[in-house]
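Here's the letter readout for the chains.
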Amino acid sequence: MLVLGFPVGPLQANCYVLARGEGEPCVVVDPGQDAVQPLDEQLRKHRLVPAAVLLTHGHFDHVFSAGQVCAAHGVPAYIHPADRFMLDDPGAALGPAGRQLFGDGPVMDAPTDVHDLAGGDELELAGLSFDVTHTPGHTGGSVLFGVGTDEGGRLLLSGDTLFAGAIGRTDLPGGDHGRMLESLSTKVLPLDDETVVLPGHGPTTTIGRERAGNPFLQGLPASDAIS
């Protein structure tokens with residue numbers, strides 16, 4: 001399995017590309033600001049052809065280039081319906097202070113072919129099987145994408161729900177700290193320690209490492225996982 005990741009844009013959001021191997025169809029996850037050029041370089045280098053764009057949530061630093069990528073390759077984007085409005089109004093997620101900073105918000109091209117995601121969905125894309133878990137908290141429509149590797153391991157594309165040593169902020173419009181803690185307790189902590197986490201910002205980690213050392217997870221009960 002081929003997994004590529006690189007930070008893009010001023011906020012250094014991680015964009016990921018997953019494929020069965022070189023020269024295969026691929027899935028692009030969270031193509032944010034300034035993602036088109038580095039993404040195209042990776043596609044050419046590894047002879048990959050996008051089959052879909054997956055979005056962990058609707059914040060502009062994760063979706064800004066989604067419309068361009070989808071249009072260039074004729075592929076759909078997938079996002080939870082609670083965050084879909086941000087594709088047309090990216091400034092809506094910034095709050096009053098953010099809107100003042102960015103004016104009316106960043107202008108971007110929204111994807112025209114958008115599919116809704118729901119917790120419990122199983123997506124078969126580019127020869128890979130992704131499971132979708134709804135994790136409201138950072139935004140109302142935040143999701144995790146889980147995917148198995150050929151070697152038997154598990155990868156978790158966590159967006160801004162979970163980082164190495166931290167969790168996503170909940171003070172922007174649509175954020176809810178109580179729901180974030182519930183999502184972490186019921187949908188993140190029950191995962192296997194060996195699960196490799198590919199977060200929306202920062203370095204790769206594992207569930208076990210975060211369970212042991214992430215201060216935001218300490219004291220949270222691990223409930224039975226639900227979609």
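Residues numbered from 1 in each chain as written. Predicted model: local features only at pLDDT ≥ 70, side-chain atom pairs only at ≥ 80, totals over all residues. Heavy atoms only, no water.

Draft legend 1. The arrangement of the sheet that holds strand β5 (residues 77-79) in detail. Spatially, the 6 strands line up as an open sheet ordered β1-β2-β3-β4-β5-β6, and their pairing is mixed. Strands at the two margins of the open sheet, each flanked by one partner only, are β1 (2-8) and β6 (114-116). In this sheet, adjacent strand axes meet at a mean angle of 25° when their direction is disregarded. The pairing of strand β3 (residues 25-29) with strand β4 (residues 49-54) spans 5 bridges and is parallel. Bridging across to β4, Val29 finds its partner in Leu54. Contacts from helix α1 (residues 36-46) reach β1, β2 (13-19), β3 and β4, with the element oriented near 160° to β1. (Pairing = 2+ DSSP bridges. Helix = DSSP H or I, 4+ residues; strand = E, 2+ residues; numbered from the N terminus. Axes fitted to C-alpha atoms, helices over the stretch in contact; angles between N-to-C directions. Contact = heavy atoms within 4.5 Å.)

Draft legend 2. Layout of the environment of Ser65. Among the secondary structure elements, Ser65 is positioned in the loop between α2 (60-63) and α3 (66-73). When its relative accessible area of 2% is taken as the criterion, Ser65 is described as buried. Between the alpha carbons of Ser65 and Gln37 there is a distance of 10 Å; along the sequence they are 28 residues apart. Discounting residues that sit within four places of it in the chain, Ser65 has contacts with Pro31, Gly32, Gln33, Asp34, Ala35 and Val36. A polar contact is formed between the side chain of Ser65 and the backbone nitrogen of Ala35, at a distance of 3.5 Å. (Buried < 20%, exposed > 50% of the residue type's maximum accessible area, 1.4 Å probe, protein only. Polar contact = N/O pair within 3.5 Å; in protein donor to acceptor, adjacent residues only side chain to side chain.)

Draft legend 3. Up close: the nonpolar core. Val17, Cys26, Leu39, Leu48, Val53, Leu55 and Leu87 are the most contacted members of the largest nonpolar core, which totals 26 residues. For this core, the secondary structure elements donating two or more residues are β1, β2, β3, α1, α3 and β5. Sort the elements by how many residues they give to this core and β1 lands first, with 4 residues. For Cys26, the residues in contact, after removing those within four places along its chain, are Val17, Leu18, Ala19, Leu43, Leu48, Val49, Pro50, Ala51, Ala52 and Ala126. Leu18, Leu117, Val132 and Val147 belong to the second-largest nonpolar core, a separate cluster that totals 20 residues. (Core = buried A, V, L, I, M, F, W, Y, C linked by side-chain atoms within 4.5 Å.)

Draft legend 4. The sheet that holds strand β14 (residues 205-206), seen in detail. Taken in spatial order, the 6 strands of this open sheet run β7-β8-β9-β10-β13-β14, and their pairing is mixed. Because the sheet does not close on itself, it has two edges, and the strands there are β7 (122-125) and β14. Relative to strand β13 (residues 196-199), strand β10 (residues 154-159) runs parallel, the two being bridged by 4 bridges. Following the sheet pairing, Leu156 is matched in β13 by Val197.

Draft legend 5. Representation of the pattern of salt bridges within the structure. Enumeration over the complete set of coordinates arrives at 5 salt bridges. With its nearest N and O atoms 2.3 Å apart, the salt bridge here joins Arg154 to Asp131. Here Asp131 lies in strand β8 (residues 128-134) and Arg154 lies in strand β10, a separation of 23 residues in the sequence. On the accessibility criterion, Arg154 (35% relative accessible area) is partly exposed. Taking the shortest distance from any N to any O, the salt bridge between Asp171 and Arg169 comes out at 2.7 Å. What makes Arg169 partly exposed here is its relative accessible area of 47%. (Salt bridge = Lys/Arg side-chain N within 4 Å of Asp/Glu carboxyl O.)

That is the geometry; function is a separate question.
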